[in-house]
Amino acid sequence: MPKWPQHLEGVGWSLAMATKCRGGVGKLRSGLPGTRAKMKTPAPGRACGIVLVLLSLATLQTLRAQKNDIDIYSLTVDSKVSSRFAHTVVTSRVVNKASTLQEITFQMELPKKAFITSFSMIIDGVTYPGNIKEKAAAQEQYSAAVARGESAGLVKATGRKTEQFQVSVSVAPAAKVTFELVYEELLVRHLGAYELLLKVQPQQLVKHLQMDIYIFEPQGISFLETESTFMTNELAEALITSQNKTKAHVRFKPTLSQQQKSPEQQQDTVLDGNFIVRYDVDRTVSGGSIQIENGYFVHYFAPEHLATIPKNVIFVIDKSGSMRGRKIQQTREALIKILGDLGPRDQFNLISFSGEAAQWKPQLVPASAENVNEAKSYATGIQAQGGTNINDAILMAVQLLERANREELLPAGSVTLIILLTDGDPTAGETNPSRIQKNVQEAIDGQHSLFCLGFGFDVSYAFLEKLALDNGGLARRIYEDSDSALQLQDFYQEVANPLMTSVAFEYPSNAVEAVTRDTFRLFFKGSELVVAGKLRDQNPDVLSAKVRGQLHMENVTFVTESRVAEQEEAFQSPRYIFHSFMERLWAYLTIQQLLEQTVSTLDAEKQALEARALNLSLSYSFVTPLTSMVITKPEGQEQSQVAEKPVENENRHRNVHSGHTLFRYHSMGDRASRITGGSSADPVFSKRRGWRGQAGVFDKLYSFPTRLGPPGPLHPPHLPYPFHRTTWGPTLPDVMSQTTTAAPHPAPIQPPSVILLLPGQSVDRLCVDLKRSQGPTNLLSDPGQGIEVTGHCETEKAHFSWIEVTFKKPQLQVRASPEHVVVTRNRRSSAYKWKKTLYSVMPGLKMTMDKAGLLLLSSPDRVTIGLLSWDGPGEGLRLLLRDTDRFSSHVSGTLGQFYQDVLWEPLAAADDSKRTLKVQGHDHSATRELKLDYQEGPPGTEISCWSVEL
């Protein structure tokens, strides 16, 4: 079996090669698992031009390469985000250094919502461009190629946030190829932020590697942060972010030495993962921002500081047999958390269903503490068994709301929501999907909003999507993974705070035309409503707009206006703007909305909508579900490939584990609220079957030797960055602070719950065992630092089952459990697996994690907090503190008290292994003991320290 290499990340690539030469037929395998090179005699007399068909797809990129033969000597990404609309150009330059013909596969991962607009190959000065065609016409060419016996490929690889694009071409010895891919997307505001995601996976060192991200937001940029799953402290030196009020520039340009994985692995790159830029814009309580460029306008509406409207919500939970095990466990966990987040003015109820539906209470109840606790107990007892009766469950929810309305039990001005969670198709009661959709639509009759969550891939997503869109809601897939509960909570946060209902945009009819959707049933906190259109030929000097809607207890009208000449002038910076971006934004948004409308319309109207969307796709060169890109390859190349834009429902029987490592030869991660990092099956070329998606799971196992033995020479611990900068105080003689390396022993020394570094003390380390604490403990609280640390210590095992760190500025919470780390900011949660590299920089805080499982939370003027997933003896979560001299005089808590008035009593003459420690007037007995220092990571180092039990 070949050894699995650890892979590098860059800006999207991987190279697979087939070597073709005259002579016999043979196979040779490259150094990368799953990558093959084939030698084959070309068919005589074949010199015809062959086409490569790329049916609509979107995915940021990868090139698979056999080292030393294929050299990616330049890789650049240029992304311009103009008023939320992102235009990204990825250019790769490759040379074939082999002495034989090589087939190079160019592969990219792009955001799901992006449309490819251009792709070209330049081979030895000749350009082979892509042409956008109607899908049917492109399919005819593809089918003809298959009929001629030419190999064909089909690519359908989908992760949570990305799709995959790829193309292959044969390249002569010493020949150079330039690949250029262009795609566009409108960034959507999600829980208070826009997110630009780029995949970085060059799979080799690149001489010229550069990413430039330009952002221009006329409203002003309120915050900007970057996050990466591959960044190291060395690579961070190549990351430069500059920003003023309306513009930002992020540049990443690492040198060859910075890209190296390690001095021992000088040919391997450390670049392998996600690069994310997250930001938001300034906004006020107003009619929003109207922006105008080149005869088109876009209107962004997301007023701040509006009061949340009370809601009446019914949770409809599938408890059929297919939900058994982890699914129902995660559903219960998420439901308990969601119930705790209900507002005091909300009303709710629960319906669980299998073959039959059952309601928790006969009517809606207020979200009082008593009712919420009772509902949590009910949720805890939900067990999975039986069939799936979706029809009766939803109709029961509608009847509950209708009865409450008739009996005037719904608060005035409140909104009504039904949230359905299911993992399968209907199997009991009414099982015909069309009839269920008809029954539900007639029952709801536009009075309530239905949101459908599909758990996993055994459910028909198309069925749920139509069910939701027919009834004023939306559908979402919940991926089966360790963070499924977090995905459910994240979705609820999106709809937890309705701010306006019945929102309508109005513009002077003589000033605008071709306006996109301008009425919306609900507007939620953290989201944004977007309307775009054309200005008529007689451009007005001022474009005005009214936005009408309903707040909790009143109707409201926002009025705004925009001066056309001023707006046109604002979008003149070529460095930050691409030409006619507003027109393309309008076309993009129109196509997306037309495609969405086709889901819930009848056949005749559906054909008209598809025709409009197709015409726009062809006019603006967008690869959409209705179009395909055809690329003519060089003379004599026989292969045709087809890549279709994946649709959620097409993947229902794929086992996609989004969020953890899935690969054949390279590692990936997806963000998610949501596990960070992408997850898509890695396509492997097969001559007989074409392209097939394959996925494998790789978990690296560690074993840690136990160290024990007599004390060794005195020396300070060597801690990982940034702990190596610790200034160690004077040590006590003999065994007072001795460190030693121990030999294997059947009874290993255990680490303490916490090791504290006490500034200004003669004893530089204090080992604290939390053996008396019951339940959650306030470990640290420092108002001056704006930090609070709580945790739950397993007293028998002396480690933490969870630790939670809360910051006031920025408002952020980090909760660590043995499974993963969850970071919550602005109600948006992201989960990160331990030992997956993370580097996130936000205003006022840097968050990093290394492959040893050490998470550091630091800033220049704060105490540094470390959370460690410890795999040594006494495995579990550990807490580390650094820069403790920065604690303020107000620090408190079980551990914080040791950074106040601390006084050591003199050693007892009779027994120098015991001592008394006075802390804020309280005496604590300390004993000299051997403990395992976990701060350097496994296997740990034996130390002698003063030990205190609390």
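Residues numbered from 1 in each chain as written. Predicted model: local features only at pLDDT ≥ 70, side-chain atom pairs only at ≥ 80, totals over all residues. Heavy atoms only, no water.

**Student:** Quick question: what am I supposed to make of the nonpolar core here?
**Tutor:** When a protein is soluble and globular, its nonpolar side chains tend to lie buried together. In terms of nonpolar packing, the biggest core is built from 60 residues, with Leu756, Leu766, Phe800, Val805, Val814, Leu855 and Leu867 touching the most fellow members. Every residue in contact with Leu855, bar those within four places of it in the chain, is listed here: Val814, Val821, Trp834, Leu838, Met847, Thr848, Met849, Ile865, Gly866 and Leu867. Among the nonpolar cores identified, the runner-up in size contains 59 residues, and Leu196, Ile213, Ala238 and Val623 belong to it. (Core = buried A, V, L, I, M, F, W, Y, C linked by side-chain atoms within 4.5 Å. Buried < 20%, exposed > 50% of the residue type's maximum accessible area, 1.4 Å probe, protein only. Contact = heavy atoms within 4.5 Å.)

**Student:** I would appreciate a short explanation of helix H12 (residues 603-619) in the present structure.
**Tutor:** Note: α-helices contain 3.6 residues per turn, so residues at a spacing of three or four share the same orientation. Its 17 residues give H12 an end-to-end C-alpha distance of 24 Å, which sits within 8% of 24 Å, the value for a rise of 1.5 Å per residue. Of the positions making up H12, those classed as buried are Leu609, Ala613, Leu614, Leu616 and Ser617. Buried residues of H12, viewed axially, fall in a sector of 165 degrees; they line one side. Opposite the packed face of H12, turned more than 90 degrees from it, sit the exposed residues Ala604, Gln607 and Ser619. On the buried face of H12, the contacting elements are strand E10 (126-134), helix H11 (581-599) and strand E37 (627-632). After H12 finishes, the residue Ser621 shows a positive phi value of roughly 55 degrees. (Helix = DSSP H or I, 4+ residues; strand = E, 2+ residues; numbered from the N terminus. Expected span 1.5 Å × (residues − 1). Arc of directions from axis to C-beta.)

**Student:** In this structure, what is going on with the state of the cysteines? I would like to understand it.
**Tutor:** Joining two cysteines, a disulfide is a covalent bond between their sulfur atoms. Scanning all chains against the criterion turns up 1 disulfide. A sulfur-sulfur separation of 2.1 Å characterises the disulfide bridge that pairs Cys767 with Cys945. Here Cys767 and Cys945 share a disulfide; its torsion about the S-S bond, -120 degrees, makes the bridge left-handed. Here the residue Cys767 occupies a position in strand E43 (residues 765-769), and Cys945 occupies one in strand E58 (residues 941-949), the gap between them amounting to 178 residues. With respect to class, Cys767 is no different from Cys945; both count as buried. (Disulfide = S-S within 2.5 Å.)

**Student:** Is there a simple way to explain helix H8 (residues 461-469) in this structure?
**Tutor:** Taken residue by residue, H8 has Tyr461, Phe463, Leu464, Leu467 and Ala468 as its buried positions. One face of H8 carries all of its buried residues, which in axial projection span an arc of 160 degrees. Buried residues in H8 make contact with helix H6 (390-406), strand E28 (415-422), helix H7 (433-444), strand E29 (449-455) and strand E30 (475-478).

**Student:** Would you take a moment to explain the confidence of the model for the protein for this structure?
**Tutor:** Regions with low pLDDT should not have their predicted coordinates read in detail. Of the residues in the protein, 77% reach a pLDDT of 70 or more, and the chain-wide mean stands at 78. Taken as a whole, residues 1-66 scores under 50 in pLDDT and shows 300 contacts with residues more than four places along the chain or in a different chain. Residue range residues 150-157 is modelled with pLDDT below 50. Its contacts to residues more than four positions away, or to other chains, number 37 contacts. (pLDDT = per-residue confidence, 0-100.)

**Student:** Just to check I follow, could you spell out the packing of aromatic side chains for this structure?
**Tutor:** Aromatic rings considered in pairs are described by the distance between their centres and by the relative angle of their planes. Evaluated as defined, the whole model comprises 27 aromatic pairs. An angle of 75 degrees between the planes, with centres 5.9 Å apart, marks the rings of Phe505 and Phe520 as edge-to-face. A residue pair is termed long-range when its members are at least 10 positions apart, and Phe505 in strand E31 (residues 498-506) and Phe520 in strand E33 (residues 519-524) qualify at 15 residues. Taken individually, Phe505 and Phe520 each receive the classification buried, so the pair is uniform in this respect. In textbook terms, an aromatic cluster arises when at least three aromatic residues are bridged by ring pairs, as seen for Phe301, Phe505, Phe520, Phe523 and Phe558. Sitting over the face of the ring of Phe216, Lys247 holds its NZ or CZ atom 5.7 Å from the ring centroid. The lysine or arginine in question, Arg825, covers the ring of Phe223, its NZ or CZ lying 4.9 Å from the ring centre. (Phe/Tyr/Trp six-rings, centres within 6.5 Å; stacked < 30°, edge-to-face > 60°. Lys NZ or Arg CZ within 6 Å of the ring centre and 35° of its normal.)

**Student:** Where do I start with the packing of H7 against H8 in this structure?
**Tutor:** Contact geometry of H7 with H8 gives a least axis separation of 10 Å together with a crossing angle of 15 degrees. As judged from the angle between their axes, H7 and H8 are roughly parallel. In the packing of H7 onto H8, the handedness of the crossing is right-handed. Contacts between H7 and H8 pair Pro433, Ile436, Gln437 and Val440 from the former with Ala462, Phe463, Lys466 and Leu467 from the latter. By residue class, the composition of the contact of H7 with H8 is 6 nonpolar, 1 polar and 1 charged. (Axes fitted to C-alpha atoms, helices over the stretch in contact; angles between N-to-C directions. Parallel < 35°, antiparallel > 145°, perpendicular 65-115°, else oblique. Left-handed = near helix turned anticlockwise from the far one by under 90°. Nonpolar A, V, L, I, M, F, W, Y, C, P; charged D, E, K, R; others polar.)

**Student:** What exactly am I supposed to notice about the environment of Gln897 here?
**Tutor:** As for its placement among the helices and strands, Gln897 is situated in the loop between strand E54 (876-882) and strand E55 (902-904). We classify Gln897 as buried; its relative accessible area is 15%. For the pair formed by Gln897 and Gln920, sequence separation is 23 residues and the distance between their alpha carbons is 7.3 Å. When residues no more than four places from it in sequence are discounted, the contact partners of Gln897 are Ser892, Val902, Val919, Gln920, His924 and Leu950.

**Student:** How should I be thinking about the sheet that holds strand E23 (residues 296-301) in this particular structure?
**Tutor:** Working definition: the strands of a sheet are paired by backbone hydrogen bonds and lie parallel or antiparallel to each other. In spatial order, the strands read E22-E23-E34-E32; together these 4 strands make up an open sheet with antiparallel pairing. Lying at the two open borders of the sheet, with one neighbouring strand each, are strand E22 (289-293) and strand E32 (512-513). Inspection of the sheet shows E22 paired to E23 by 5 bridges, in the antiparallel sense. Of the residues in E23, the one forming a bridge with Ser289 is Tyr300. (Pairing = 2+ DSSP bridges.)

**Student:** What am I meant to see in the packing of helix H4 (residues 326-340) against helix H9 (residues 484-495) here?
**Tutor:** H9 packs onto H4 with a crossing angle of 35 degrees between their chain directions and a minimal axis gap of 8 Å. Crossing handedness for the pair H4 and H9: right-handed. Here Gln330, Thr331, Glu333, Ala334, Lys337 and Ile338 of H4 lie close against H9, whose contacting residues are Ser484, Ala485, Leu488, Gln489 and Tyr492.

**Student:** What am I meant to see in the sheet that holds E31 here?
**Tutor:** If you trace the 4 strands from one edge of the open sheet to the other, you get E33-E31-E35-E36, paired in antiparallel fashion. Two strands close off the open sheet at either side, each with one partner strand: E33 and strand E36 (555-563). Averaged over all neighbouring strand pairs, the angle between strand axes comes to 30 degrees, with direction disregarded.

**Student:** Would you explain the pattern of salt bridges in this entry?
**Tutor:** Side-chain pairs of opposite charge can arise whenever the charged atoms involved come near each other. Under the counting rule described, the total for this entry stands at 34 salt bridges. For Glu442, the salt bridge identified is with Lys438, shortest N-O distance 2.7 Å. Pair noted here: Glu442 and Lys438 are both in helix H7, with a separation of 4 residues, about one helical turn. One network of salt bridges, in which partners are shared, links Arg84, Arg189, Glu217, Asp280, Arg283 and Glu528. (Salt bridge = Lys/Arg side-chain N within 4 Å of Asp/Glu carboxyl O.)

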